[in-house]
Amino acid sequence: MRPSWWKFAFTLAAGAGISLLTSGCGEEIRVFQPAGPVARSELELIWLQMGLTAVVIIPVILLLAWIVIRYRNKPGNRAPYQPEFAESRTLEIVWWAIPIVIVGILGTVTWHKTYALAQSPNPSKEPLKIEVMSLNWKWLFFYPDQKIATVNYAEIPTDRPVEFLLTANAPMNAFWVPNLGGMEYTMPGMVTSLWLQADKAGEYYGHGGNFTGPGFAQMQFRVVAKPQSDFDAWVRQVANSAPDMTKADYDKLTQPSVLGELSFSSYPEGIFEQTVMDEGGMYMDHDRAMLGNMMPHS
């Protein structure tokens, strides 16, 4: 039976439909549900990459199918047979020019966004600073201005940029809140920075991005975004009702374990900076500069 174009088109459409229906694209893919300017900017870059990739992939797939059908050896095939064909200057220019243009566009946009995302998404507003420490297998959040600390959850005000300063007192990990922005590594003896902002109130899922042992699956945390007045009330509630974190409490947290959410009304002064220095930060000019710019604890 000779194939017909409508059968080919039907098969192609059915394959595309099945691929879309089984791809799992939905609200579960949090990077496609941005809740702040950082995540939106990164999603724009994802769509640009997908679009530019499609410019190459779709024509190649269509041409492959057309060539297989048009030039296959079959009785009555009228496709030209040109064994002497060696090169085409026009085709050479086309298939070299297209990737050069695509790489140029993608590189320029990525360079611009990468540098932009390393700055506050809203320089006109005073940022909230949170120090984050990844442990085995929990996340410890210090609020240097509010002088409180939490474990496995963080609360932030909406419409205000937040600078997360990241380090680790355990194997390196990656801090990631997909709805708010991309991930950043946490490494012992180093301080990295990640700017995020939530434009609307809500609870956002966070998780470590690097496998770190048997408790990795439980190394989750929540980021709760709420209006500034509600955030201030939460800070007062924690400061007035939660227990203090002693040095012994901190040492216990650094031991491998899986915990739920905890709150502390205070923590040992300078524990974040001291941990960075003890893990090798004293030899890093970058760390000394970062810690020198951090808000004082007293």
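Everything below is about the structure printed above this text.
Here the structure is a predicted model, which is why all the values come from computation and not from measurement.

The space that makes up the largest pocket amounts to roughly 520 Å³. If you go around the largest pocket, you meet 15 residues; those closest to its centre are Leu-63, Ile-67, Leu-91, Val-94 and Trp-95. By residue number, the principal contributor to the lining of the largest pocket is helix H2 (residues 37–71), which donates eight residues. Residues belonging to the lining of the largest pocket are distributed by class as follows: 14 nonpolar, one polar and no charged.

Attention now moves to the environment of Pro-59. The topology assignment puts Pro-59 in helix H2. Expressed as a C-alpha distance, the spacing of Pro-59 and Gly-280, which sit 221 residues apart in the sequence, is 52 Å.

Most of helix H6 (residues 271–278) sits inside the fold, with six of its eight residues counted as buried. Listed in full, the buried residues belonging to H6 are Ile-271, Phe-272, Glu-273, Thr-275, Val-276 and Met-277. Once H6 ends, the next one or two residues include Gly-280, with phi positive near 115 degrees.

Taken in spatial order, the six strands make up an open sheet running S8-S5-S1-S2-S3-S11, and their pairing is mixed. Two strands close off the open sheet at either side, each with one partner strand: strand S8 (192–196) and strand S11 (262–264). On average, adjacent strands in this sheet sit at an angle of 20 degrees to one another, irrespective of strand direction. Inspection of the sheet shows strand S1 (residues 128–135) paired to strand S2 (residues 138–143) by five bridges, in the antiparallel sense. The partner of Glu-131 across the bridge, within S2, is Phe-142. Helix H4 (residues 228–241) rests against S1, S2, strand S3 (148–151) and S11 of the sheet, and its axis sits at about 90 degrees to S3. Here H6 sits on the sheet and contacts S1, S2 and strand S5 (162–168); the angle it forms with S1, its principal contact strand, is near 50 degrees.

Turning our eyes to something else, we now look at unusual backbone geometry. Cis geometry marks the peptide bond from Asn-136 to Trp-137, where omega comes out at -5 degrees. Inspection of the secondary structure assignment puts Trp-137 in the loop between S1 and S2. Unusually for a residue other than glycine, Lys-147 sits at a positive phi of about 60 degrees. Secondary-structure assignment places Lys-147 in the loop between S2 and S3. For Lys-147, a relative accessible area of 37% translates into the label partly exposed. Of note, Asp-159 is a non-glycine position whose phi angle comes to about 55 degrees, a positive value. By secondary structure assignment, the location of Asp-159 is in the loop between strand S4 (153–157) and S5.

Bringing the environment of Asn-240 into the picture now. Mapped onto the elements of the fold, Asn-240 is located in helix H4. C-alpha of Asn-240 to C-alpha of Ala-9: the two residues are 231 residues apart in sequence and 68 Å apart in space.

The next thing to look at is the nonpolar core. The biggest cluster of nonpolar side chains holds 32 residues, and the ones touching the most others in it are Ile-130, Phe-141, Tyr-143, Ile-156, Phe-164, Phe-175 and Leu-180. Looking at this core, the elements that each hand over two or more residues are S1, S2, S4, S5, S8, strand S10 (220–226) and H4. Per element, the largest residue contribution to this core is four residues, and it comes from H4. Leave out the neighbours within four places in its chain, and Leu-180 touches Ala-35, Val-38, Ala-39, Ile-156, Leu-196, Gln-197, Ala-198, Tyr-204 and Val-223.

What counts and how
Residues numbered from 1 in each chain as written. Predicted model: local features only at pLDDT ≥ 70, side-chain atom pairs only at ≥ 80, totals over all residues. Heavy atoms only, no water. 1 Å grid on protein atoms, 1.4 Å probe; cavity = no way out; pocket = protein on both sides within 12 Å on 5 of 7 lines; lining within 4 Å. Points joined across faces, edges and corners; volume = space filled by probe spheres on them. Helix = DSSP H or I, 4+ residues; strand = E, 2+ residues; numbered from the N terminus. Nonpolar A, V, L, I, M, F, W, Y, C, P; charged D, E, K, R; others polar. Buried < 20%, exposed > 50% of the residue type's maximum accessible area, 1.4 Å probe, protein only. Pairing = 2+ DSSP bridges. Axes fitted to C-alpha atoms, helices over the stretch in contact; angles between N-to-C directions. Contact = heavy atoms within 4.5 Å. Core = buried A, V, L, I, M, F, W, Y, C linked by side-chain atoms within 4.5 Å.

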